[in-house]
Structures are given as structure tokens and as C-alpha cells.
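Here's the letter readout for the chains.
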Amino acid sequence: MATLLHSAETGHATTTFGHIVEAASNLLGLWRQRVVTRRELGYLDDRMLQDIGFSRLDAEREMSKPFWRE
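Note that the coordinates shown come from a computational prediction; the quantities given were computed from them, not determined experimentally.

Criteria and cut-off values
- Residues numbered from 1 in each chain as written.
- Predicted model: local features only at pLDDT ≥ 70, side-chain atom pairs only at ≥ 80, totals over all residues.
- Heavy atoms only, no water.
- Salt bridge = Lys/Arg side-chain N within 4 Å of Asp/Glu carboxyl O.
- Helix = DSSP H or I, 4+ residues; strand = E, 2+ residues; numbered from the N terminus.
- Buried < 20%, exposed > 50% of the residue type's maximum accessible area, 1.4 Å probe, protein only.
- UniProt positions renumbered as here; feature names shortened; annotations may be inferred.
- Polar contact = N/O pair within 3.5 Å; in protein donor to acceptor, adjacent residues only side chain to side chain.
- Contact = heavy atoms within 4.5 Å.
- Phe/Tyr/Trp six-rings, centres within 6.5 Å; stacked < 30°, edge-to-face > 60°.

Quick word on the pattern of salt bridges
Counted under the stated rule, the structure contains 4 salt bridges. For Glu62, the salt bridge identified is with Arg38, shortest N-O distance 2.9 Å. Of this pair, Glu62 sits in helix 3 (residues 56-64) while Arg38 is found in helix 1 (residues 2-41), placing the two residues 24 residues apart along the sequence. Each member of the pair, Glu62 as well as Arg38, is classed as buried. The partner of Lys65 in a salt bridge is Glu62, and the shortest N-O contact between them spans 3.2 Å. One network of salt bridges, in which partners are shared, links Arg38, Glu62 and Lys65.

Given below as C-alpha cells:
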């Protein structure tokens, strides 16, 4: 009985750890995407920015944000 209880507890801890790892991985992916997207804004000319509804000032503001800020 103690073995069954121990393996149930271990399974719960593993599941929780797995969720933490998955959440961390998702967050790192989001941060990486923000870095890439903000860098790409710098390559767009004013006409292209206008096409997506941004001004040069909007793009500069977005590019100046740290990766962890939305």
C-alpha cells in the first residue's frame, strides 16, 4: 500500500513539474517571438508600416520595449 501511495504522489509531482516546464517553454517561445517581431519592424519602410497600421513612431516605440513587455 505504501508503494502505491508513493507512486501516486510521484506521479502528481511529475505532472506538476511537467506543467511548470511546459509553461516556462511557452513563455520563452513568446519572448523569442517578440524579439523577432520587433526586430523585423525595423526592416519595414514607412509604406509597409502604414499597410499594417503603424507609423514610424509606433514602430520605434514597439521596438524599444523589452522582450518581456507586451
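Points about the UniProt feature "domain: YjiS-like" (unreviewed entry) in the chain
UniProt records the feature "domain: YjiS-like" (unreviewed entry) at residues 28-60, using the numbering of this structure. Split by type, residues 28-60 is 76% helix and 0% strand. Its first and last C-alpha atoms lie 23 Å apart.

Let's talk about the side chain of Glu62
Here Lys65 takes part through its side chain, which lies 3.2 Å from a polar atom of the side chain of Glu62. Discounting residues that sit within four places of it in the chain, Glu62 has contacts with Arg38, Leu41 and Phe54.

Points about the packing of aromatic side chains
This structure, assessed with the given rule, holds 2 aromatic pairs. Between the aromatic rings of Trp31 and Phe67, the centroid separation amounts to 5.1 Å while the plane-to-plane angle is 70°, which identifies the pairing as edge-to-face. Placement of Trp31 in helix 1 and of Phe67 in the segment after helix 3 is noted, with a sequence separation of 36 residues between them. We classify Trp31 as partly exposed; its relative accessible area is 25%. Centroid distance Phe67 to Trp68: 5.0 Å. Interplanar angle 90°. Geometry classified as edge-to-face.

Considerations on the environment of Arg38
The class for Arg38 is buried, based on a relative accessible area of 8%. A sequence separation of 22 residues divides Arg38 from Glu60, and the C-alpha atoms of the two residues are 9.0 Å apart. Not counting the four nearest positions on each side in its chain, Arg38 is found in contact with Glu62, Met63, Lys65, Pro66, Phe67, Arg69 and Glu70. Among the polar contacts made by the side chain of Arg38, one reaches the main-chain carbonyl oxygen of Pro66 at a distance of 2.8 Å.

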